[in-house]
Amino acid sequence: MGKPNTRRLDQAIRETNRKLDAVRKGELWPLTGSERRQMLAALAGGSYRVLRGKSTNRADNRIDSVSTSAETRLIAEITALQVERQRLVTEAAQAKAAKKSSGWW
């Protein structure tokens, strides 16, 4: 029994970390469709209020909440991928130990 094949999980973890960094920088590409719509609606509402010379507190709060929820979603996704990777590694180690212990010597 060789090493467990975690290449796909490692790639997914790297990609999700990249998305998380992009969300923290304020980029829109890693957001889901609904998050992107909410973000653009908040931006449009805030720009309209700026044109009218009014406060943009509500739009700013909506933008912050959307980015926070996207960060939370991505962190949960990273955690789930890491748990799955650890499960695969543990299963491979247990199988290797069982194979060694069942040998003739």
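Please read these numbers as outputs of a predicted model, since none were measured by experiment.

A. Here's a closer look at the confidence of the model for the protein chain. Per-residue pLDDT for the protein chain has a mean of 93; in total, 95% of the residues score no lower than 70. Across the protein chain, helix α1 (residues 7–25) holds the top mean pLDDT of 97, while helix α3 (residues 57–101) sits lowest at 94.

B. Seen up close, the environment of Arg 58. For Arg 58, the location among the structural elements is in helix α3. Judged by its relative accessible area of 69%, Arg 58 is exposed. Each C-alpha atom, one on Arg 58 and one on Gly 46, is 7.9 Å from the other, the two residues being 12 residues apart in sequence.

C. Up close: the nonpolar core. Core analysis: the biggest nonpolar cluster contains eight residues, these being Leu 20, Val 23, Leu 31, Met 39, Val 66, Ala 70, Leu 74 and Ile 78. Among the secondary structure elements, those contributing two or more residues to this core are α1 and α3. Looking at this core, the element that brings in the most residues is α3, giving four residues. Beyond its immediate chain neighbours, meaning those up to four positions away, Val 66 contacts Glu 35, Gln 38 and Met 39.

D. Molecular detail of the environment of Gln 86. With respect to the element layout, Gln 86 can be found in helix α3. In this structure the C-alpha to C-alpha distance between Gln 86 and Thr 6, which are 80 residues apart in sequence, comes to 9.3 Å.

E. Inspection of α3 at higher detail. End to end, α3 covers 65 Å across 45 residues, agreeing with the expected 66 Å (1.5 Å per residue, within 8%). Every buried residue of α3 is accounted for by Ala 59, Val 66, Ser 67, Ala 70, Leu 74, Ile 78, Leu 81 and Ala 92.

F. Spatial organisation of the pattern of salt bridges. Enumeration according to the criterion identifies six salt bridges in this entry. For the salt bridge of Arg 85 with Asp 10, the shortest nitrogen-to-oxygen distance reads 2.5 Å. Linking Arg 85 in helix α3 with Asp 10 in helix α1, this pair joins segments that are 75 residues apart in sequence. Across the pair Glu 91 and Arg 87 runs a salt bridge whose closest N-O atoms are separated by 2.5 Å. Placement of both Glu 91 and Arg 87 in helix α3 is noted, with a separation of four residues, approximately one turn of the helix. Since its relative accessible area comes to 37%, Arg 87 is described here as partly exposed.

Thresholds, definitions, all that
- Residues numbered from 1 in each chain as written.
- Predicted model: local features only at pLDDT ≥ 70, side-chain atom pairs only at ≥ 80, totals over all residues.
- Heavy atoms only, no water.
- pLDDT = per-residue confidence, 0-100.
- Helix = DSSP H or I, 4+ residues; strand = E, 2+ residues; numbered from the N terminus.
- Buried < 20%, exposed > 50% of the residue type's maximum accessible area, 1.4 Å probe, protein only.
- Core = buried A, V, L, I, M, F, W, Y, C linked by side-chain atoms within 4.5 Å.
- Contact = heavy atoms within 4.5 Å.
- Expected span 1.5 Å × (residues − 1).
- Salt bridge = Lys/Arg side-chain N within 4 Å of Asp/Glu carboxyl O.

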